[in-house]
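Report on the structure
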Amino acid sequence: QLEFVTWPRKMSRGTSGTVESFPLLRVEEGLGSRAEASPLPTLSQKLNKCLTDAARRARDQEAPVLLNSVANRGLSHRSEAPSDVSTTSSVANLSMVGLAEAIAEKRRKAFGDCSPARISRCVEVSDLDIVQFSSAIYYAEEAEGLVLVDVMRLGSLEELVSVRWETLDGSAKAGVLYESASGIVVFQPGENFKTIEIRLIQNPAWAPTLEFSIKLSRQDNCDLGHSLHTARVKIINADLFPTNKYAQLIKEGADGIDKIPQFNLLVEFIKMNLEIPGVVRKTVLSLVLDQMANLYFYFSLNVTMYITDVLFAENPTSVSFLPGLRTSLFVPGDREMTAIWLGALYVLPMVPIHWWDYTSIAVDLKGTLRNSLRASLYRKYLNYTEDSRRVVQAADMQAALLEDVVEASQCYTYIVELLRILIRLFIVASFTLHKSPRSWWILVLMPSLMFCWVYLRGPMYLRACDAEGDGKLKIAKFIHTTCHSFNLISEYNQRPLMNEL
């Protein structure tokens, strides 16, 4: 039951203590009553009573004139008033008025206009049934292929009601992890539960727990729940990192992971990265535009040969400047103009090359991979059980997010860079064989020596990197433990021992 109680606003001057009030909403529950989340109605009753009593005393003793005089001078001059009964009543009355005005002004600033007209607009008593979800969050495993969401109805259940629902993307995207859907739920008289079915898409790619939302709207002959008109659906992904190809070995732990061939594991990691939105497009763009530098490198090799064989030669001859293009001096008989044109051809290609260097920063392939891996790892951690969070310490998460993720993302970008370098080596080998076919043995020897160096150095380098990473992780754990237990260390005077450790 809803009713209004009054709250004093002010006492008008020149009257016999008339009190002006504005209403507050009170909720009646059973035999008792309370104000909604506020003790103000009880205080307002006390203030009303005090103000009314003070005004009655002032009226009976014929002191309204003195009351107005004291009100005009303010409370700061109350010591100047005559010390008779009417003065005391007036000052007490004025004190209560000031208190009421202060509280009313503070409430107006906090809640705005609290006039009866506004309250009547804001408070609507409805007899309609309420339709809402039965829970704020629903869980489903991706392998189940289906999630069931319950919609419940509260009220008399006497009328036919309906409500529209639709799915909204969150971290889970429609068409990737679930099928976008919408519809209308109709409750016949007497029905209080309906079930919505939403199909999930089986995606073999590794991902953290992602979610989407379902929203109720366009209700007919009913009201929506205050907070349960929207529900979240969490999709639990059981796929392993980076893929499920070596699932059995990965489940065995560190010993099983060591049995996986490193090159095969790298291939699976690349496959996983290609599933990240935008990575394929940025990878292709980087591979294509990176070849501008290789083309310029090939052009510079031909320019070097042209300068040696034609421009600075005592007797310029016709040479192959580019494949299928034989030329002597660009300007016949004029070495100076030929040098100017050659310089222009050498400088102009730098413009698109520098443009790509600048654009590659905006493309930010490494940043896309890094942010995706960090977000996925962080989402995984937020959905850990209590036991898992006790095993994975804060230092482990810090090292993984700040260092391991960076190294993993750089691994992919290094592969893209390696492809560019291999293409450049191919250009060098082709140019060398074209100019000097007898130097083939050098082209065979050089890559062989490079391969042997990498093969011998690689394992030692990896072990050194692992040892460095383990050392950093131990330091991070030690710092975290020290900071967390500093009060205990300080109370037992163990700071010198911690410094030595």
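Residues numbered from 1 in each chain as written. Predicted model: local features only at pLDDT ≥ 70, side-chain atom pairs only at ≥ 80, totals over all residues. Heavy atoms only, no water.

**Some thoughts on the overall build of the protein chain**
Looking only at helices and strands, one finds 17 helices and 14 strands in the protein chain. Looking at the protein chain as a whole, 31% of its 501 residues are labelled buried. Within the protein chain, contacts between residues separated by at least 24 positions form 64% of all contacts whose residues are at least 6 apart in sequence. Here the protein chain displays about 31,600 Å² of accessible surface, and carbon together with sulfur accounts for 60% of that area. (Helix = DSSP H or I, 4+ residues; strand = E, 2+ residues; numbered from the N terminus. Buried < 20%, exposed > 50% of the residue type's maximum accessible area, 1.4 Å probe, protein only. Contact = heavy atoms within 4.5 Å. Areas by Shrake-Rupley, 256 points an atom, 1.4 Å probe, with all protein chains shown as cover.)

**Considerations on the packing of aromatic side chains**
This structure, assessed with the given rule, holds 8 aromatic pairs. For the pair Tyr178 and Phe212, a centre-to-centre distance of 3.9 Å together with 10° between the ring planes defines the contact as stacked. Separated by 34 residues along the polypeptide, Tyr178 in the loop between β7 (161-168) and β8 (182-187) and Phe212 in strand β10 (residues 210-220) bring together distant segments of the chain. Of the two residues examined, Tyr178 and Phe212, each falls in the buried class. Joined through ring pairs, the aromatic side chains of Trp206, Phe241 and Phe269 make up one cluster. Above the plane of the ring of Phe297 lies Arg424, whose end atom (NZ or CZ) is 4.6 Å from the centre. (Phe/Tyr/Trp six-rings, centres within 6.5 Å; stacked < 30°, edge-to-face > 60°. Lys NZ or Arg CZ within 6 Å of the ring centre and 35° of its normal.)

**What about the sheet that holds strand β11 (residues 222-224)?**
One key point about sheets: their strands pair by backbone hydrogen bonds, in either a parallel or an antiparallel sense. The strand order across the open sheet formed by 4 strands is β9-β6-β4-β11, and the pairing between neighbours is mixed. Lying at the two open borders of the sheet, with one neighbouring strand each, are β9 (193-199) and β11. Sheet twist, expressed as the mean angle between neighbouring strand axes with direction ignored, is 25°. With 7 bridges joining them, strand β6 (residues 146-154) and β9 adopt antiparallel strand pairing. Paired with Val151 across the bridge in β9 is Lys194. (Pairing = 2+ DSSP bridges. Axes fitted to C-alpha atoms, helices over the stretch in contact; angles between N-to-C directions.)

**Quick notes on the pairing of β8**
Going residue by residue along β8, you find Gly183, Val185 and Phe187 tucked away on one face and Ser182, Ile184 and Val186 left uncovered on the opposite face. Both β7 and β8 contribute to a ladder of 6 bridges, which runs antiparallel. Bridge pairing in β8 links Val163 to Val185.

**Concerning the sheet that holds β7**
An order of β5-β12-β10-β7-β8 is seen for the 5 strands of this open sheet, with the pairing classed as mixed. Looking at the sheet topology across the chains shown, the edges are occupied by β5 (137-141) and β8. Between one strand and the next, the sheet's axes are offset by a mean angle of 25°, whatever the strand orientation.

**So, the pattern of salt bridges**
By the definition in use, this model includes 10 salt bridges. A salt bridge links Glu386 to Arg389, with the shortest nitrogen-to-oxygen separation between them at 2.8 Å. Here the residue Glu386 and the residue Arg389 both occupy positions in helix α13 (residues 386-391), the gap between them amounting to 3 residues, near one helical turn. For Glu386, a relative accessible area of 48% corresponds to the partly exposed category. Classification of Arg389 by relative accessible area gives partly exposed; the value is 28%. Ionic pairing is found between Arg420 and Glu417, a salt bridge with its closest N-O pair at 2.2 Å. Note that Arg420 and Glu417 are positioned in helix α14 (residues 394-435) at a spacing of 3 residues, about one turn of the helix. When its relative accessible area of 17% is taken as the criterion, Arg420 is described as buried. Judged by relative accessible area, which is 30%, Glu417 ranks as partly exposed. A single salt-bridge network, built from bridges that share partners, covers Glu211, Arg232 and Lys234. (Salt bridge = Lys/Arg side-chain N within 4 Å of Asp/Glu carboxyl O.)

**Observations regarding α14**
Over its 42 residues, α14 runs 60 Å from end to end, which matches the ideal 62 Å to within 8%, given 1.5 Å per residue. Maximal helix bending in α14 amounts to about 40°, located at Ala400. (Expected span 1.5 Å × (residues − 1). Bend = angle between axes of the 7 residues up to and from the residue.)

**Focus: the nonpolar core**
The biggest cluster of nonpolar side chains holds 27 residues, and the ones touching the most others in it are Val131, Phe133, Val149, Ile196, Ile198, Phe212 and Ile214. Of all the secondary-structure elements, those providing two or more residues to this core are β4 (129-133), β5, β6, β7, β8, β9, β10 and β12 (230-236). Looking at this core, the element that brings in the most residues is β10, giving 4 residues. With residues near it in sequence (within four places) discarded, Val149 still touches Phe133, Tyr138, Lys194, Thr195, Ile196, Ile214 and Val233. (Core = buried A, V, L, I, M, F, W, Y, C linked by side-chain atoms within 4.5 Å.)

**Topic: the packing of helix α8 (residues 279-289) against helix α11 (residues 350-363)**
At a minimum axis distance of 11 Å, the contact between α8 and α11 shows a crossing angle of 165°. In terms of axis orientation, α8 runs roughly antiparallel to α11. Here α8 runs over α11; the crossing is left-handed. Where α8 abuts α11, its residues Lys282, Leu285, Ser286 and Leu289 lie against Trp355, Trp356 and Val363. A per-class count over the contact of α8 with α11 returns 5 nonpolar, 1 polar and 1 charged. (Parallel < 35°, antiparallel > 145°, perpendicular 65-115°, else oblique. Left-handed = near helix turned anticlockwise from the far one by under 90°. Nonpolar A, V, L, I, M, F, W, Y, C, P; charged D, E, K, R; others polar.)

**Topic: the environment of Ala238**
Position of Ala238 relative to the elements: it lies in the loop between β12 and α5 (247-251). A sequence separation of 95 residues divides Ala238 from Ala143, and the C-alpha atoms of the two residues are 8.0 Å apart.

**Section: helix α12 (residues 365-382)**
Compared with an ideal rise of 1.5 Å per residue, which puts 18 residues at 26 Å, α12 spans 26 Å between its outermost C-alpha atoms and is within 8% of the ideal. Of the positions making up α12, those classed as buried are Leu365, Gly367, Thr368, Leu369, Leu373, Ser376, Lys380 and Tyr381. Among the structural elements, α7 (262-274), α8, α11, α13 and α14 are those in contact with the buried residues of α12.

**Digging into the confidence of the model for the protein chain**
Model confidence for the protein chain is summarised by a mean pLDDT of 76, while 74% of its residues fall at 70 or above. Segment residues 61-95: pLDDT under 50, and 32 contacts once partners within four positions in sequence are set aside and those in other chains are kept. Contacts for the low-pLDDT stretch residues 118-123, under 50 throughout, to residues beyond four places or in other chains number 6 contacts. (pLDDT = per-residue confidence, 0-100.)

**A short note on unusual backbone geometry**
In this chain, Phe241 is followed by Pro242 through a cis amide linkage whose omega measures -5°. On the secondary structure map, Pro242 appears in the loop between β12 and α5. For Arg218, which is not glycine, the phi torsion reads 50° and is therefore positive. For Arg218, the location among the structural elements is in strand β10. Accessibility expressed as a relative area gives 66% for Arg218, which makes it exposed. The backbone of Asp364 shows a phi angle near 50°, a positive value even though the residue is not glycine. Mapped onto the secondary structure, Asp364 falls in the loop between α11 and α12. Using a relative accessible area of 34% as the deciding quantity, one classes Asp364 as partly exposed.

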